[in-house]
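Now for the letters of each chain:
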Amino acid sequence: KAHPRLAEIMPSLLRHLHDFAREVGLTVAEWASAIDLINACGKMSDDRRNETQLLCDILGLESLVDEITSKKLATSTTETPSAILGPFYRNDAPLLPNGSSVVHNLTPSVPWYNQAVADSAYVTGRVLSCASGGGARTPLRNAIVDVWHTAPNGLYEQQDTDQPEMNLRGRFATDADGRYSLYCLRPVAYPIPDDGPAGQLLALLDRHPWRPGHIHFIVSAAGHRSLTTQIFDSRDEYINNDSVFAVKEELIVKFVPREGDPKAKWALEYDFVLGPM
Ligand code: DHB
Ligand code: FE
């Protein structure tokens, strides 16, 4: 017995795939190159690096299915838009108290120390529910804000032997007012790993590998759909030119100067709005 969803979608996949080959006049040699590319991506995919996902991302596929999924599931336009997970999420980031920092072991001997100080940031906001409808938003206590971003060298902790385990990652539980607060860094633009087959394809297409500076979040709360998203720094030169097409208008944020806090030069207030299950 055929799998029902596959039986539903395969005719369309085959129609588009065959039409594509006919339309461009695809040759055996070209098809073989594509097989080589996909095989090379598979060989380079494991827990540390997912090259096949990267290939889909530069083709806009992860952003497209994110868009389709959120349109299917969202119950209200007040929900915070989702964005792609990307390949660098790690489970079990440390649960940290509100007001603490995800920046660990920052000493003047770290090569990007000065930039980390100049871009130190205090990020706070509330996790809200739009489940009651009618445009109302109610604070959610004990929601989990799971956050991760790169160091100023553009590397996530697991890509960089110089960073301590779980650096620039943390989970924060909201208080009775639905509020979270943390210290992190203003994110920098960062090239997706371009030393593998996905990068080769980018080069063949004369495309750049850069993503605008972004901070990743997964926000979850009881009775609500978890939100996987990213916020993007408005100052970034790649804000309209993301190599993996993840930027959405509502996710662009403006950090403002923070006065009187030796721990942060910048501040950002950002609320997340979750919809019901
Ligand atoms: C991708 C996403 C990221 O957030 C990132 O930092 C690097 C790559 C991606 O979609 O491939
Ligand atoms: Fe990222």
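Refer to the structure presented above.
Calculation criteria
- Residues numbered from 1 in each chain as written.
- Chains lettered and ligands numbered in written order.
- Predicted model: local features only at pLDDT ≥ 70, side-chain atom pairs only at ≥ 80, totals over all residues.
- Heavy atoms only, no water.
- Helix = DSSP H or I, 4+ residues; strand = E, 2+ residues; numbered from the N terminus.
- Buried < 20%, exposed > 50% of the residue type's maximum accessible area, 1.4 Å probe, protein only.
- Contact = heavy atoms within 4.5 Å.
- Areas by Shrake-Rupley, 256 points an atom, 1.4 Å probe, with all protein chains shown as cover.
- Lys, Arg positive; Asp, Glu negative; His and termini not counted.
- Charge placed at Lys NZ, Arg CZ, Asp CG, Glu CD.
- Donors = N, O, S within 2.8 Å, 3.2 Å for Na, K, Ca; no water.
- Expected span 1.5 Å × (residues − 1).
- Bend = angle between axes of the 7 residues up to and from the residue.
- Near = heavy atom within 4 Å.
- Polar contact = N/O pair within 3.5 Å; in protein donor to acceptor, adjacent residues only side chain to side chain.
- Axes fitted to C-alpha atoms, helices over the stretch in contact; angles between N-to-C directions.
- Parallel < 35°, antiparallel > 145°, perpendicular 65-115°, else oblique.
- Nonpolar A, V, L, I, M, F, W, Y, C, P; charged D, E, K, R; others polar.
- Pairing = 2+ DSSP bridges.
- Salt bridge = Lys/Arg side-chain N within 4 Å of Asp/Glu carboxyl O.

**What about the overall build of the protein?**
1) Next: Of regular secondary structure, the protein possesses six helices and 15 strands.
2) Next: Judged by the C-alpha coordinates and their principal axes, the protein covers about 65 × 50 × 30 Å.
3) Next: Looking at the 277 residues of the protein, the share that counts as buried comes to 43%.
4) Next: Summarising the internal contacts of the protein: among those between residues at least 6 apart in sequence, 72% fall at separations of at least 24.
5) Next: Taken as a whole, the protein presents about 14900 Å² of accessible surface, with 56% of it coming from carbon and sulfur.
6) Next: A distance of 5 Å separates the average location of the 26 positive side-chain charges in the protein from that of its 35 negative side-chain charges.

**Notes on the coordination of the iron ion (ligand 2)**
1) Next: Protein-derived coordination of the iron ion (ligand 2) comes from Tyr156 (OH), His214 (NE2) and His216 (NE2), at a distance range of 1.9 to 2.1 Å.
2) Next: Each donor residue of the iron ion (ligand 2) belongs to the same chain, with the gaps between them written as Y-x57-H-x1-H. Remark: His214 occurs in strand 10 (residues 214-220) and Tyr156 occurs in the loop between strand 5 (144-148) and strand 6 (169-173); sequence separation between them is 58 residues.

**A few points about the side chain of Lys248**
1) Next: As for its position among the elements, Lys248 is in the loop between strand 11 (227-233) and strand 12 (252-253).
2) Next: Taking the relative accessible area as the measure of exposure, Lys248 reaches 15% and is therefore buried.
3) Next: Residue contacts for Lys248: discarding those within four places in its chain leaves Asp66, Glu67, Ser70, Pro81, Ser82 and Phe232.

**Regarding helix 1 (residues 4-24)**
1) Next: Across its 21 residues, helix 1 extends 31 Å between first and last C-alpha, which sits within 8% of the 30 Å expected from 1.5 Å per residue.
2) Next: Taken as a whole, helix 1 carries its principal kink of about 35° at Met10; the proline Pro11 stands between one and four residues after it.
3) Next: Gly25 sits one or two residues past helix 1 and shows a positive phi near 65°.

**A closer look at the site of ligand 1**
1) Next: Surrounding ligand 1, one finds 13 residues, the nearest of these being Leu54, Asp57, Tyr156, Arg211 and His216.
2) Next: Asp57 places a polar side-chain atom, nitrogen or oxygen, 2.5 Å from an oxygen atom of ligand 1.
3) Next: In the environment of ligand 1, an oxygen atom lies 3.0 Å from a nitrogen or oxygen atom belonging to the side chain of Tyr156.
4) Next: Bound to the protein, ligand 1 loses 100% of the 290 Å² it would expose on its own.
5) Next: Of all the secondary-structure elements, those providing two or more residues to the shell around ligand 1 are helix 3 (51-58) and strand 10.

**Focus: unusual backbone geometry**
1) Next: Unlike most non-glycine residues, Asn142 shows phi in positive territory, near 60°.
2) Next: Within the secondary structure, Asn142 is located in the loop between strand 4 (138-139) and strand 5.
3) Next: Classification of Asn142 as exposed rests on a relative accessible area of 53%.
4) Next: Positive phi is not limited to glycine here, since Leu168 has a value of about 60°.
5) Next: Structurally, the position occupied by Leu168 is in the loop between strand 5 and strand 6.

**Thoughts on the packing of helix 2 (residues 28-43) against helix 3**
1) Next: Viewed as axis vectors pointing N to C, helix 2 and helix 3 meet at an angle of 130°, and their least axial separation amounts to 7 Å. Classified by the angle between their axes, helix 2 and helix 3 sit oblique to one another. Across from Leu37, Cys41 and Gly42 in helix 2, the residues of helix 3 making contact are Glu51, Thr52 and Leu55.
2) Next: Taken together, the residues that form the contact of helix 2 with helix 3 break down as three nonpolar, two polar and one charged.

**Details of the sheet that holds strand 12**
1) Next: In spatial order, the strands read 1-6-5-10-11-12; together these six strands make up an open sheet with mixed pairing. At either end of the open sheet lies a strand with only one pairing partner, and these are strand 1 (95-96) and strand 12.

**A look at the pattern of salt bridges**
1) Next: Under the criterion given, the structure shown has 17 salt bridges.
2) Next: Between Glu67 and Lys71 there is a salt bridge, and its shortest N-O distance comes to 3.0 Å. Taken together, the residues Glu67 and Lys71, both in helix 4 (residues 61-73) and four residues apart, mark about one turn of the helix.
3) Next: Given the relative accessible area of 32%, Glu67 is considered partly exposed.
4) Next: What you see here is one network of salt bridges that share partners, running through Arg90, Glu157, Glu165 and Arg169.

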